[in-house]
Amino acid sequence: MSATSLDEATARSEMCRVGRSLFDRGYVHATAGNISVRLADGFLITPTDACLGSLDPARLARLDADGRQVAGDRASKTITLHRRIYAATAASGRPAGSVVHTHSTSLVACSLKAFEANGTLDAEADLLPPITPYFVMKVGRVPHIPYRRPGADEAAEAVAQAIAHHAADGRQLRAVMLARLGPNVWHDTPAAAMAVLEELEETARLWLLARPAPLDEAQIAELRSAFGAMW
């Protein structure tokens with residue numbers, strides 16, 4: 001299965017539109033967060049220290065297929081992580097077309113609370129339990145990746161390993177949580193990736209407010225059967 005491929009002009013416009021939408025609704029702040037799109041012959045990514053609420057389509061960083069920058073302002077330091085996500089999802093059979101990273105408040109709060117409770121993260125830790133059907137259907141499991149500094153190669157490697165591990169078990173991931181930092185989500189287009197983020201952040205907010213019992217295995221199995229949920 002291949003991701004929807006946007007032409008470059010549309011991709012530039014959509015990255016700016018989605019960035020402004022995320023900023024205006026409080027999913028990102030200041031210069032936190034980044035967006036990328038995989039093109040037929042390379043990548044677009046938001047510049048380093050850019051505010052997603054005021055992106056200029058002409059100044060987005062353009063990279064070739066090998067990750068070398070060829071135009072635009074200096075690329076975000078997270079391009080290594082984004083490229084690893086594109087490669088790992090392609091190898092898993094469901095290639096991403098766009099990646100979005102934010103520091104969304106409720107999700108970061110959930111990450112911090114996990115450390116408060118346990119002091120560390122298990123290798124197989126998920127950020128959130130399956131508390132709503134739409135979280136199970138639209139997002140799925142969200143591995144909680146141990147803390148590394150922003151832009152660290154080790155974080156990119158851990159994310160790629162998580163994607164491959166879940167694919168080997170028959171699950172396609174749509175998101176990971178970088179501990180103490182924020183989520184990376186992906187889908188075919190920036191708009192579709194934003195929808196994953198919205199569902200994920202809303203689920204984190206519900207978890208912080210209510211701490212409900214998760215769906216049981218029979219309920220999850222029904223979602224798998226009826227909707228193809230990958231949990």
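Everything below is about the structure printed above this text.
Residues numbered from 1 in each chain as written. Predicted model: local features only at pLDDT ≥ 70, side-chain atom pairs only at ≥ 80, totals over all residues. Heavy atoms only, no water.

J.: How would you summarise the pairing of strand β7 (residues 175–178) if you had to cite specific residues and measurements?
T.: Of the two faces of β7, the one lined by A175 and M177 and the one lined by V176 and L178 are each fully buried. With helix α5 (residues 153–168) bridging strand β6 (residues 144–145) and the parallel β7, this β-α-β connection has right-handed handedness. Bridge count between β7 and strand β8 (residues 182–187): 4 bridges; the pairing is antiparallel. Residue pairing in the sheet places A175 in a bridge with V185 of β8. (Buried < 20%, exposed > 50% of the residue type's maximum accessible area, 1.4 Å probe, protein only. Helix = DSSP H or I, 4+ residues; strand = E, 2+ residues; numbered from the N terminus. Right-handed = clockwise from strand over helix to strand, strands pointing away. Pairing = 2+ DSSP bridges.)

J.: So what about the environment of T10? Which residues, and what values?
T.: Relative to the elements of secondary structure, T10 occurs in helix α1 (residues 8–24). On the accessibility criterion, T10 (33% relative accessible area) is partly exposed. With 47 residues separating them in the primary sequence, T10 and P57 have C-alpha atoms 9.8 Å apart.

J.: Please provide a residue-by-residue account of the nonpolar core, values included.
T.: Within the largest apolar cluster, 42 residues are counted, with the highest numbers of intra-cluster contacts made by L22, L107, L128, V142, V185 and L200. It is helix α6 (residues 190–210) that contributes the most residues to this core, 7 residues altogether. When residues no more than four places from it in sequence are discounted, the contact partners of L107 are L127, L128, M177, P183, L197, L200, E201 and A204. Judged by nonpolar contacts, the second largest core, of 23 residues, contains L63, I79, I85 and I145. (Core = buried A, V, L, I, M, F, W, Y, C linked by side-chain atoms within 4.5 Å. Contact = heavy atoms within 4.5 Å.)

J.: Describe the environment of M15, with residues and values.
T.: Locating M15 in the fold gives a position in helix α1. For M15, a relative accessible area of 0% puts it in the buried group. Separated by 30 residues in sequence, M15 and I45 place their C-alpha atoms 8.5 Å apart. Ignoring any residue separated from it by four or fewer positions in sequence, one finds M15 in contact with I35, S36, V37, L44, I45, T46, L55, L60 and P190.

J.: Pulling in residues and values, what's your account of the pairing of strand β5 (residues 98–101)?
T.: Here β5 shows two buried faces, one formed by S98 and V100 and the other by V99 and H101. Relative to β5, strand β1 (residues 34–39) is paired through 4 bridges, and the arrangement is antiparallel. Counted as the bridge partner of I35 is V100 from β5. With 4 bridges joining them, β5 and β8 adopt antiparallel strand pairing. Opposite H101, over in β8, you have N184 as the bridge partner.

J.: For α1, give the residues involved together with the corresponding values.
T.: Relative to the 24 Å expected for 17 residues at 1.5 Å per residue, α1 spans 24 Å between its end C-alpha atoms, a close match to the ideal helical length. Buried residues along α1 sit in contact with β1, β2 (42–45), β3 (61–64), β5 and α6. For α1, the N-terminal capping position is held by D7, with its side-chain oxygen 3.2 Å away from the main-chain nitrogen of A9. Immediately beyond the C-terminal end of α1, within one or two residues, lies G26, with a positive phi of roughly 85 degrees. (Expected span 1.5 Å × (residues − 1). Polar contact = N/O pair within 3.5 Å; in protein donor to acceptor, adjacent residues only side chain to side chain.)

J.: Give me the pattern of salt bridges: which residues, what numbers.
T.: Opposite charge on two side chains makes pairing possible when the charged atoms of those side chains draw close. Tallied over the entire structure, the rule returns 15 salt bridges. Note that E14 is salt-bridged to R17, the shortest N-O span being 2.6 Å. Residue E14 and its partner R17 are both found in helix α1; the two are separated by 3 residues, about one turn of the helix. The network of salt bridges with shared partners includes E8, R12, D41 and R62. (Salt bridge = Lys/Arg side-chain N within 4 Å of Asp/Glu carboxyl O.)

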